[in-house]
Protein chains: 2
Amino acid sequence: MNHPITFKMVARDAKTHARRGILTTPHGEIQTPIFMPVGTQATVKAMTPRELKEIGTQIMLSNTYHLHLRPGEELIREAGGLHRFMSWDKPILTDSGGFQVFSLASLRKIREEGVSFRSHLDGSAMFMGPEESMAIQEALGSDIAMAFDVCTAYPCDHQTAKDAMERTHRWALRCQKAHTRADQALFGIVQGAFFTDLRIESAKALADMDFPGYGIGGLSVGEPKPMMYEILDEMMPYMPDEKPRYLMGVGSPDCLVEGVYRGIDMFDCVLATRIARNGTCFTDDGRLVVRNAKYARDFGPIEEGCDCYACQNFSRAYIRHLLKAGEITGGRLCTIHNLRYLLRLMERIRKAIEENRYEEFRNAFFARYDMSRNF
Amino acid sequence: MNHPITFKMVARDAKTHARRGILTTPHGEIQTPIFMPVGTQATVKAMTPRELKEIGTQIMLSNTYHLHLRPGEELIREAGGLHRFMSWDKPILTDSGGFQVFSLASLRKIREEGVSFRSHLDGSAMFMGPEESMAIQEALGSDIAMAFDVCTAYPCDHQTAKDAMERTHRWALRCQKAHTRADQALFGIVQGAFFTDLRIESAKALADMDFPGYGIGGLSVGEPKPMMYEILDEMMPYMPDEKPRYLMGVGSPDCLVEGVYRGIDMFDCVLATRIARNGTCFTDDGRLVVRNAKYARDFGPIEEGCDCYACQNFSRAYIRHLLKAGEITGGRLCTIHNLRYLLRLMERIRKAIEENRYEEFRNAFFARYDMSRNF
C-alpha cells in the first residue's frame, strides 16, 4: 500500500522505549515525539497561525465533528480546504468525530451502520458512520485522517468494551475501503477500554490492517493514571514498531513524559489551552495559578527561563491584572505560555532521546515536578 | 515654562486648516495628525504591544479612573510605571479620570474640592479632585497627562455649561500647581458644552494658562455631528496654533477626516475596538458587518487593498465562522483590521497634507464613503 506519509526512525533511547522519528506529510516534516495543539473549530483558541508557528507548532489537530456542524465541510472545501480556510500551511490531523459524537451529541443511537445523534448546537438530527467521517475528512483535506471508532466510558464492563472494540475493527475496514484521497493518510485507532487482553487483541487486529499510523483511543477518559500507564506497558509491544503511535487526548506534562517513555510519538489535548484561559499555567514545578492573589505584586515572569512571548515581556502581576479585569489578552498570554511549555518540553524530550539519556531526563523531570500541583 | 514635549509644524495645507506636525515626547516622536488606540485597563483590548507596533501605533491612551480602581496606581508604580507594567516603550497619554467619573461612577457628588463617587466595580466610596488625578497620573508615568475637568451631558443648559466650564478652568490651575513630574506633559482641556460663546471663552482662558497642548472635551457625547463641526469651526481660531490639539473621544473615520480638516492633531476612541469584537469593521465604503450571513461564502478579505494581518491572511467567510463560533480570534482579527484601518487613514491624511492636497483627499473620501453605513 502506497502511503502519503513516511515515518523514519532517527534514534532510539537504549534504556527506555522512547523513540525519535521524522514523520513526513504532504505539508512537511514533523519531528517526533510531538505535541499537537488542538484547533477544534478551525482555530487554536486565542491563537493565530503565526503565533502557533512562533512557538514551534509542527502540526495541529482539528475536529471533524465540530467542523461538520459549523461551518460545514462543503464551505471549507469551497474555501480550498482546511489549510487554506484557516491560513495554516503546515500539517493538520483531523480526528474522526467518533469521540465527540460520544461525548457531546445527545440522543445517541449506535447501530452497525453508524451513529444517529442530535447536534449539540441546535438539536438537529444527524448521522455519522465510517463512510461519512471519511467523506468529511477528505473534504477538509487534512494530512492525517483518523478512522471512525466506537468510544467507551470509564468504567465499562468487559463485554461492552469487547463489543465496542470489535465494531471499531469492522468500522476501521470500512474506513479503509471508503478512503480515497491519495494525499491524505488514514490512521487506525486501537480500542479495548481498560482491559489488557482487549487492548492487545485490538493492537494486533489493527496491525494486520496495515495502517500507516495508529491512534490509541479511549484512554485518559477518567481512569487513574497508573491504570493508563499499566495498559500502555502491556499493549505497546503489540503496536507496530515502525509506525507512528498517537496517544489521543493526552496532554499534561507528566503524561507526555510517561507516554514517550513507553514509546508514544504523538499527543494532543485541549488541557493547555482550556486552563490557560482561566489563568492556570504549566511550569516545571507543576501548576501555577496566575490568578492567585499571591502573584498580585510578583513582577517576575510566569516561568523563569521560558522563551515564550508572555514570559519574555510580561510579569505575573500584569497577567493577573488582565485576567482579573476580564481582558482577553490575559488568556492569550497564558495560552502562548502553556502551548510553548508543552512544545518546548517535547523539544527537550527529543534532545534527551537523541543523546540517549531519556531515563535521566525523566528522573530529573519528576524529581522537580510537584505532583500535588498536577492536573 | 520648560515642557517635556515639543511640537513642531512640518507642513500646513493651503486650502484647509489641516496641519502636519511632529510631537516629541520622552518616549519618542509622534507624527501628527494621529489616532491613539485606547488601552483602558493597561491593554488595548485583544491586542499585544507588538501587534500595536506592527499596525503602526505611535502612542496609546490609558484610563486613569480604571487603573486607579484596578490594579491601583501604587502597584503600577512598583512595577516601574505603566510603560514597563504593560511592556509598551512608546508614548502613552492618560486621561484625567474626569469623563469616567461622570459616565461610569455612581452616587456622584461634585463640589469645588472634587468629586465623591462610588466605584462601578465594587461600590466602594472614592474621591477624586485635580490633585488626586495628578498624583495618580504621575504614579502611572504617562508621557502626557490630562487636566481633571468637569464634563457635561448633551443636551445641557447654558448656565450649567458655564458653571462646569468655569470650574474646569479653576481645576486646570490647580492641576498645573499640583503637577510636578518633569518628564510628563500636562494638557489642559477646553470645555463649554454646545455653546460657541463658552467654547471660545474656554479656549482663550486655557490659552492664557500656557499648557503645552490642549484637549477638546465634552464633544461627541450624543450631539449631532453637524453641531460638533460647527462648534469646532467657531472655536478653532482661538486654540493656540503652535500647540497640539486633541479632540477627545472621537474616532469614526468620517470624524477623523473632518476633525483634521478643522485643525485637529490628535484623536482617540474605543469605537474601533468595541465594534470589532462584535464583528463590525471599518472600510473606505463604510461599515461592514462581517457577521452578516451574506459573507458566509465570501472568500475575499475584509477590505481589498488593506495591508493588515487579518486582510492579508484570512477571508470574510473564515472570520465570520470564528465570530459565529464564539472564537476569540474572530474579534482579534477584526480589532487588528479596525485599528490598522484608522492608523492607515491617518497615514493617508498625513501624506495628503504634506502634498498640499487635503481638500481633494477629503472630497474623494466622502465621494466614496457611504454615510448610510456610518457610525
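Conventions and cut-offs
- Residues numbered from 1 in each chain as written.
- Chains lettered and ligands numbered in written order.
- Predicted model: local features only at pLDDT ≥ 70, side-chain atom pairs only at ≥ 80, totals over all residues.
- Heavy atoms only, no water.
- Helix = DSSP H or I, 4+ residues; strand = E, 2+ residues; numbered from the N terminus.
- Buried < 20%, exposed > 50% of the residue type's maximum accessible area, 1.4 Å probe, protein only.
- Pairing = 2+ DSSP bridges.
- Axes fitted to C-alpha atoms, helices over the stretch in contact; angles between N-to-C directions.
- Contact = heavy atoms within 4.5 Å.
- Buried area = accessible area lost by both parts, 1.4 Å probe.
- Polar contact = N/O pair within 3.5 Å; in protein donor to acceptor, adjacent residues only side chain to side chain.
- Nonpolar A, V, L, I, M, F, W, Y, C, P; charged D, E, K, R; others polar.
- 1 Å grid on protein atoms, 1.4 Å probe; cavity = no way out; pocket = protein on both sides within 12 Å on 5 of 7 lines; lining within 4 Å.
- Points joined across faces, edges and corners; volume = space filled by probe spheres on them.
- Salt bridge = Lys/Arg side-chain N within 4 Å of Asp/Glu carboxyl O.
- Least-squares fit on C-alpha atoms with pLDDT ≥ 70 in both.
- Parallel < 35°, antiparallel > 145°, perpendicular 65-115°, else oblique.
- Left-handed = near helix turned anticlockwise from the far one by under 90°.

Caption draft 1: View of unusual backbone geometry. Residue and element names in this part refer to chain A. Between Y154 and the following residue, P155, the backbone shows a cis peptide bond with an omega angle of -5°. The phi torsion at A42 lies on the positive side, around 65°, for a residue other than glycine. Tracing the sequence through the fold places A42 in the loop between β4 (34–36) and α1 (49–54). The class for A42 is buried, based on a relative accessible area of 0%. You will see that D210, though not glycine, has its phi angle at about 55°, which is positive. Secondary-structure assignment places D210 in the loop between α8 (196–208) and β12 (214–216). On the basis of relative accessible area, D210 is assigned to the partly exposed category, the value being 33%.

Caption draft 2: The sheet that holds strand β2 (residues 19–25) of chain A, seen in detail. All names here are of chain A. Taken in spatial order, the three strands make up an open sheet running β1-β2-β3, and their pairing is antiparallel. The open sheet terminates on both sides in strands that have one partner only, identified here as β1 (6–12) and β3 (28–32). On average, each strand axis in the sheet is inclined to that of its neighbour by 20°, with strand direction left out of account. Direction of pairing for β1 relative to β2: antiparallel, over a ladder of six bridges. Note that in β2 the partner of A11 across the bridge is R20. Along the sheet face, helix α14 (residues 328–354) touches β1, β2 and β3 and points at about 120° away from the line of β2.

Caption draft 3: Local environment of the interface of chain A and chain B. Residue-level contacts link 40 residues of chain A with 40 residues of chain B. Buried surface at the junction of chain A and chain B, summed over both partners, amounts to about 3600 Å²; 53% is from carbon and sulfur atoms. Across the contact surface, chain A and chain B share 26 residue pairs in polar contact (both at pLDDT 80 or more). Those elements that provide at least two residues to the side of chain A that touches chain B are α1, α3 (73–78), α4 (82–86), α12 (309–313), α13 (316–324) and α14 of chain A. Sort the elements by how many residues they give to the side of chain A that touches chain B and α13 of chain A lands first, with five residues. Classifying every residue of the side of chain A that touches chain B gives 21 nonpolar, seven polar and twelve charged.

Caption draft 4: Molecular detail of the pairing of strand β3 (residues 28–32) of chain B. Alignment of strand β2 (residues 19–25) of chain B against β3 of chain B, held across five bridges, turns out to be antiparallel. In the strand pairing of β3 of chain B, L23 of chain B is matched with I30 of chain B.

Caption draft 5: Geometry of empty space enclosed by the protein. What the rule picks out here adds up to one cavity of 30 Å³ or more. Put simply, the largest cavity is a space of about 50 Å³. Together, 13 residues line the largest cavity, and Y318 of chain A together with T43, M47, T48 and P49 of chain B are the ones closest to its centre. Looking at the lining of the largest cavity, the elements with two or more residues in it are α13 and α14 of chain A together with α1 (49–54) of chain B. Tallied by class, residues from the lining of the largest cavity come to ten nonpolar, three polar and no charged.

Caption draft 6: Just the pattern of salt bridges, in detail. Residue and element names in this part refer to chain B. Going through the model one piece at a time under the given rule, you end up with 61 salt bridges over all chains. The partner of K53 in a salt bridge is D89, and the shortest N-O contact between them spans 2.7 Å. Pair noted here: K53 is in helix α1 and D89 is in the loop between α4 (82–86) and β6 (92–94), with a separation of 36 residues, a long-range link. For R368, the salt bridge goes to D285, with nearest N and O atoms at 2.7 Å. Of the two residues, R368 is situated in helix α15 (residues 358–368) and D285 in the loop between β15 (280–281) and β16 (288–289); the sequence distance between them amounts to 83 residues. A relative accessible area of 47% places R368 in the partly exposed class. Accessibility expressed as a relative area gives 30% for D285, which makes it partly exposed.

Caption draft 7: The arrangement of the relation of the copies chain A and chain B in detail. If you rotate chain A by 180° and push it 0.0 Å along the axis, it lands on chain B with an RMSD of 0.0 Å. Such a turn and shift between the copies fits a two-fold axis. If distances are taken from each C-alpha of chain A to the rotation axis, the shortest is found for I328 of chain A, at 3.9 Å. The share of interface residues of chain A whose copies in chain B are also at the interface is 100%, consistent with both copies meeting through the same surface.

Caption draft 8: How the structure looks around the side chain of D265 of chain A. Relative to the helices and strands, D265 of chain A is located in the loop between α10 (253–261) and β14 (266–268). Those residues in contact with D265 of chain A, other than ones at most four positions away along the chain, are F7, R19, T32, P33, I34, K243, P244 and R245 of chain A.

Caption draft 9: Here's a closer look at the packing of helix α8 (residues 196–208) of chain B against helix α9 (residues 225–235) of chain B. All names here are of chain B. Two elements in contact, α8 and α9, have axes whose closest approach is 9 Å; the angle formed by their N-to-C orientations is 45°. When the interaxial angle is binned, α8 and α9 end up oblique. Considering the relative orientation of α8 and α9, their crossing is right-handed. When α8 is examined against α9, the residues T196, R199 and I200 are found in contact with a partner set consisting of I231, E234 and M235.

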